[in-house]
Amino acid sequence: MPAAHVSRVRALYRRILLLHRVLPPDLKALGDQYVKDEFRKHKTVGSAEAQRFLQEWEAYAAVLWQQANENRQNSTEKACFGTALPEEKLNDFRDEQIGQLQELMQEATKPNRQFSITESGKPKS
């Protein structure tokens, strides 16, 4: 792969992980793991799929950046992240992607997380 492509992928990956710092801790942990898994899975895809992959993640980063700024400006209201998935995009997904999306939604909306987040420096109770 050309060095410019690798550089673009790494920069996007870092930008997304930095943007995740504004998310609530449980969503940050979930999002970070999802991003790491997805970028790892797509290391060896073809050129066309790599382009689409980058476009979608760049759009995600742009939306998250915009929502983070809006939430910062409206600090008195509860932070809100995410967008509705248009049906035409959903129709483009493979069955595997639909299943993955379903699992992600279930994990993100669970009342009791399967993982525990503790801040460093504070003793565990």
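Here, the structure is the one placed above.
Every chain is numbered independently, its residues counted from 1 as its sequence is written. Where totals are concerned, whole chains, interfaces and linings use all residues; where local detail is concerned, this predicted model gives features only for residues with pLDDT of at least 70, and gives and counts side-chain atom pairs only at 80 or more. By convention in this description, side-chain values take in all heavy atoms of the structure and omit both hydrogens and water.

(A) Up close: the overall build of the protein. Broken down by element type, the protein carries 5 helices and 0 strands. Listed N to C, the secondary structure of the protein is α-α-α-α-α in terms of helices and strands. Taken across its 125 residues, the protein has 22% of its residues classed as buried. Computed by Shrake-Rupley with a 1.4 Å probe, the accessible areas treat only the displayed protein chains as cover when residues are assessed. Accessible surface, the protein: about 9,500 Å² in total, of which carbon and sulfur atoms supply 52%. Secondary structure elements follow DSSP: runs of H or I of four or more residues count as helices, runs of E of two or more count as strands, with numbering from the N terminus. Here the term buried applies to any residue with accessible area under 20% of the maximum for its type, exposed to any over 50%, and partly exposed to those in between, with areas from a 1.4 Å probe on protein chains only.

(B) Local environment of the nonpolar core. As used in this record, nonpolar core signifies buried Ala, Val, Leu, Ile, Met, Phe, Trp, Tyr and Cys residues forming a set joined through side-chain atoms within 4.5 Å. Core analysis: the biggest nonpolar cluster contains 12 residues, these being Leu12, Ile16, Leu17, Leu19, Leu23, Val35, Phe39, Phe53, Leu54, Trp57, Ala61 and Leu64. At the level of elements, α1 (3-19), α2 (25-41) and α3 (47-73) are the ones that each hand at least two residues to this core. In terms of residue count, the dominant contributor to this core is α3 (5 residues).

(C) Here's a closer look at the environment of valine 63. Within the secondary structure, valine 63 is located in helix α3. Linking valine 63 and phenylalanine 81, residues 18 residues apart in sequence, is a C-alpha distance of 8.8 Å.

(D) Representation of the packing of α1 against α3 in the model. Angles here are taken between N-to-C directions and fall from 0 to 180 degrees, while the axes themselves are lines fitted to C-alpha atoms, restricted in helices to the stretch in contact. Taken N-terminus to C-terminus, the directions of α1 and α3 make an angle of 30 degrees; their axes are 10 Å apart at the nearest point. Considering the angle they form, α1 stands roughly parallel to α3. Along this stretch, α1 crosses α3, giving a crossing that reads as left-handed. Packed against α1, whose contacting residues are His5, Arg8, Val9, Leu12, Arg15, Ile16 and Leu19, the element α3 presents Ala50, Gln51, Leu54, Trp57, Glu58, Tyr60, Ala61, Leu64 and Trp65 at the interface. Tallied by class, residues from the contact of α1 with α3 come to 11 nonpolar, 2 polar and 3 charged. Relative orientations are named as follows: roughly parallel for angles under 35 degrees, roughly antiparallel for angles over 145 degrees, roughly perpendicular for angles from 65 to 115 degrees, and oblique for any other angle. It is the rotation of the near helix from the far one that decides the hand of a crossing: anticlockwise by less than a right angle makes it left-handed, clockwise makes it right-handed. Only heavy atoms matter for contacts: two residues are in contact if any of them lie within 4.5 Å across the pair. Each residue receives one of three labels: charged for Asp, Glu, Lys and Arg, nonpolar for Ala, Val, Leu, Ile, Met, Phe, Trp, Tyr, Cys and Pro, and polar for the others, Gly being one of them.

(E) A look at the environment of arginine 72. Position of arginine 72 among the secondary structure elements: in helix α3. Here arginine 72 falls in the exposed class, since its relative accessible area comes to 54%. Each C-alpha atom, one on arginine 72 and one on valine 22, is 9.4 Å from the other, the two residues being 50 residues apart in sequence.

(F) How the structure looks around the packing of aromatic side chains. The rule is short: rings of Phe, Tyr and Trp, with Trp giving its six-membered ring, pair when the centres are within 6.5 Å, and they are stacked under 30 degrees, edge-to-face over 60, tilted in between. Tallied over the full model, the rule gives 6 aromatic pairs. Here phenylalanine 39 and tryptophan 57 contribute two aromatic rings whose centre-to-centre distance is 5.6 Å and whose plane-to-plane angle is 55 degrees, an arrangement assigned as tilted. In this pair, phenylalanine 39 sits in helix α2 while tryptophan 57 sits in helix α3, placing the two residues 18 residues apart along the sequence. Judged by its relative accessible area of 10%, tryptophan 57 falls in the buried class. A centroid spacing of 5.3 Å and a plane angle of 80 degrees characterise the contact between tryptophan 57 and tyrosine 60, whose relative ring orientation is edge-to-face. Highlighted residues: tryptophan 57 and tyrosine 60, both in helix α3, separated by 3 residues, approximately one helical turn. Through pairs of rings, three or more aromatic residues link up here, namely Tyr13, Tyr34, Phe39, Phe53, Trp57 and Tyr60.

(G) Region of the structure containing a nonpolar patch on the surface. Nonpolar side chains collect at one region of the surface, where Leu85, Leu90, Ile98 and Leu101 lie side by side and expose about 270 Å² of accessible area between them. As for its position among the elements, leucine 90 is in helix α4 (residues 87-91). Residues enter patches when they are more than 30% accessible in relative terms and free of salt bridges; like-charged ones are connected within 9 Å and nonpolar ones (Val, Leu, Ile, Met, Phe, Trp, Tyr) within 5 Å. Salt bridges are identified by distance alone: a Lys or Arg side-chain nitrogen within 4 Å of an Asp or Glu carboxyl oxygen.

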